[in-house]
Amino acid sequence: MKQLLLHHCCAPCSPSVVASFVKRFAVSSFWFNPNIQPAQEYTSRYESLKKFVGSQGLALSEGPAYSQDQWIAAATASPDRCTFCYRLRLTEAAKAAQANDMSFFSTTLLASPYQKHDLIRDIGNDIGAALGVAFVYEDFRAQFYQGKDIARTQGCYMQKYCGCLFSKEERGIK
Ligand code: SF4
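Not measured: the values here are computed from a predicted model.

J.: Is there a simple way to think about the overall build of the protein chain in this case?
T.: In terms of helices and strands, the protein chain carries 7 helices and 5 strands. Starting at the N terminus, the α and β elements of the protein chain follow one another as β-α-β-α-β-α-α-β-α-β-α-α. Taken against the 2.2 N^0.38 rule, which gives 16 Å for 174 residues, the C-alpha radius of gyration of the protein chain at 15 Å falls within 12% of a compact globule. Its C-alpha atoms give the protein chain principal-axis dimensions of about 45 × 40 × 30 Å. Taken over 174 residues, the protein chain has a buried fraction of 48%. A fraction of 73% describes how many contacts in the protein chain between residues 6 or more apart in sequence connect residues 24 or more apart. Carbon and sulfur atoms provide 53% of the accessible area of the protein chain, an area that totals close to 8300 Å².

J.: Would you mind going over helix H2 (residues 39–55) with me for this structure?
T.: The periodicity of an α-helix, 3.6 residues per turn, causes residues three or four places apart in sequence to face the same way. End to end, H2 covers 24 Å across 17 residues, agreeing with the expected 24 Å (1.5 Å per residue, within 8%). Turning to H2, its buried residues number three or more, namely Glu41, Ser44, Arg45, Tyr46, Ser48, Leu49, Phe52 and Val53. Buried positions along H2 lie against strand S1 (3–8), helix H1 (14–21), strand S2 (26–31) and strand S3 (60–62). After H2 finishes, the residue Gly57 shows a positive phi value of roughly 70 degrees.

J.: Before we go on, may I ask you to explain the nonpolar core in this structure?
T.: Proteins that are soluble and globular tend to have nonpolar side chains buried together. Judged by nonpolar contacts, the single largest core of 51 residues is most densely connected at Leu4, Leu5, Phe21 and Phe105. Sorting elements by how many residues they give to this core places helix H4 (residues 81–99) first, with 10 residues. Apart from residues lying up to four places away in sequence, Leu5 is in contact with Ser28, Phe30, Ala93, Ala96, Ala97, Met102, Phe104, Phe105 and Ser106.

J.: Please clarify how the site of the ligand should be interpreted in this entry.
T.: What surrounds the ligand is the set Asn35, Trp71, Arg81, Cys82, Cys85, Tyr86, Arg89, Gln115, Cys162, Gly163, Cys164 and Ser167. Taking a 2 Å distance to the grid points as the criterion, the majority of the atoms of the ligand fall inside the largest pocket. Considering each element in turn, the shell around the ligand owes the most residues, 5 residues, to H4. Here the shell around the ligand is composed, by residue class, of 6 nonpolar, 4 polar and 2 charged.

J.: I tried to follow the packing of aromatic side chains on my own but got confused; where do I start?
T.: What characterises a pair of aromatic rings is the spacing of the ring centres plus the angle enclosed by the ring planes. The tally for this structure, following the rule as stated, stands at 12 aromatic pairs. Aromatic side chains Phe32 and Tyr66 sit 6.0 Å apart centroid to centroid with 85 degrees between the ring planes, which places their arrangement in the edge-to-face category. A residue pair is termed long-range when its members are at least 10 positions apart, and Phe32 in the loop between S2 and H2 and Tyr66 in the loop between S3 and helix H3 (68–77) qualify at 34 residues. In this structure Phe32 comes out as buried when scored by relative accessible area, which is 4%. For the ring pair Phe144 and Tyr145, a centre distance of 4.9 Å and an interplane angle of 80 degrees mean the geometry is edge-to-face. We classify Tyr145 as partly exposed; its relative accessible area is 45%. Among the aromatic residues, ring-to-ring pairing joins Phe21, Phe25, Phe104 and Phe140 into one connected group. In this arrangement the basic side chain of Arg45 is found over the ring face of Tyr161, its NZ or CZ atom lying 5.1 Å from the centre. Directly above the aromatic system of Tyr137 lies the positively charged group of Arg121, at a separation of 5.8 Å from the ring centroid.

What counts and what doesn't
Residues numbered from 1 in each chain as written. Predicted model: local features only at pLDDT ≥ 70, side-chain atom pairs only at ≥ 80, totals over all residues. Heavy atoms only, no water. Helix = DSSP H or I, 4+ residues; strand = E, 2+ residues; numbered from the N terminus. Rg over C-alpha atoms; globule rule 2.2 N^0.38 Å. Buried < 20%, exposed > 50% of the residue type's maximum accessible area, 1.4 Å probe, protein only. Contact = heavy atoms within 4.5 Å. Areas by Shrake-Rupley, 256 points an atom, 1.4 Å probe, with all protein chains shown as cover. Expected span 1.5 Å × (residues − 1). Core = buried A, V, L, I, M, F, W, Y, C linked by side-chain atoms within 4.5 Å. Near = heavy atom within 4 Å. 1 Å grid on protein atoms, 1.4 Å probe; cavity = no way out; pocket = protein on both sides within 12 Å on 5 of 7 lines; lining within 4 Å. Sits in = over half its atoms within 2 Å of the grid points. Nonpolar A, V, L, I, M, F, W, Y, C, P; charged D, E, K, R; others polar. Phe/Tyr/Trp six-rings, centres within 6.5 Å; stacked < 30°, edge-to-face > 60°. Lys NZ or Arg CZ within 6 Å of the ring centre and 35° of its normal.

Here it is in structure tokens:
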């Protein structure tokens, strides 16, 4: 079976994507989300994702150390925060796939109707072409709420904002 490295942004976006990909690929899970802030929020999403991935029998690896301060400095200096954020995470996912001799990578970000879907697809394709690892694109948004219900049933943590402190502030969350 072809091997695919799947970048997970969080547990609620994962069920529909995992259910689809495991039918076609040997899936390995990957976590790299230094955009999630503050530290308590990061831990809640990470622990929840670990639990979900474990329930699916998938192995989970992690990206390189990258501090939240580093992320904030780079995002602030970038002309487009979300472009930087997607590119950083998907680049590390593609590199991890490459390092593990996997020919394919993708991301659960493709499940969320709240993300910049077309931008994620374009960045994924760009990175894939540059690194020689195929980005597997699929629009999972129609199954998002179904997947979210599954995650909720499993007791997964349900976040209220995209991830960074900027997005938290934009949602008016204290
Ligand atoms: S809003 Fe979301 S995608 Fe955009 S920079 Fe913040 S965490 Fe990343």
